[in-house]
Amino acid sequence: MENEEDFDVRWAALRQDIKQRFGKKPDLNALLFLIGVQELGQGVREFTKEQKQDLMHIATCKILSLSGYYELEGADQDGWPHWKAVKALPFCNLKEQERMMRWHVLEYFDQMN
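Residues numbered from 1 in each chain as written. Predicted model: local features only at pLDDT ≥ 70, side-chain atom pairs only at ≥ 80, totals over all residues. Heavy atoms only, no water.

**Quick notes on the pairing of strand β1 (residues 70–75)**
Thought 1: With 5 bridges joining them, β1 and strand β2 (residues 81–85) adopt antiparallel strand pairing. Its bridge partner lying in β2, Tyr70 is registered against Ala85.
Thought 2: The turn linking β1 back onto β2 is made up of 5 residues, and Gly79 within it adopts a positive phi angle of 85°. (Pairing = 2+ DSSP bridges. Helix = DSSP H or I, 4+ residues; strand = E, 2+ residues; numbered from the N terminus.)

Printed below as a string of structure tokens:
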């Protein structure tokens, strides 16, 4: 099991790597947006506010699928993926939720390399 210090170092390294690529150091929401765009697979373009929210939902489902919480159902006629919850998320406070999301984001990027 990874200790908090190692986890924080990995998180900082990922944010720095993304900053090198895009010029801004991303927060968790920005990373979720990037993952959503990647998973949509339609390239970078302008998105409406609603589409940006949908992209973050896609990303959340994708990263949580790494631990079996969601499963891909398929894509709609516009190519947007749809997910279904397959097991309940554990109850945790806001800080624990954010750490869980960060851990899953790190796992996602680790699998991309």
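**Some words on the pattern of salt bridges**
Thought 1: Applying the stated rule across the entire model yields 6 salt bridges.
Thought 2: Arg10 is paired through a salt bridge with Asp110; the nearest N and O atoms lie 2.8 Å apart. With Arg10 in helix α1 (residues 4–22) and Asp110 in helix α4 (residues 94–112), the pair connects residues that are 100 residues apart, well separated along the chain.
Thought 3: Its relative accessible area of 25% is what places Arg10 among the partly exposed residues.
Thought 4: Here Asp110 falls in the partly exposed class, since its relative accessible area comes to 42%.
Thought 5: Across the salt bridge formed by Arg102 and Glu98, the nearest N and O atoms sit 2.8 Å from each other. Pair noted here: Arg102 and Glu98 are both in helix α4, with a separation of 4 residues, about one helical turn.
Thought 6: According to the relative accessible area criterion, Arg102 is partly exposed, its value standing at 24%.
Thought 7: One network of salt bridges, in which partners are shared, links Arg10, Glu107 and Asp110. (Salt bridge = Lys/Arg side-chain N within 4 Å of Asp/Glu carboxyl O. Buried < 20%, exposed > 50% of the residue type's maximum accessible area, 1.4 Å probe, protein only.)

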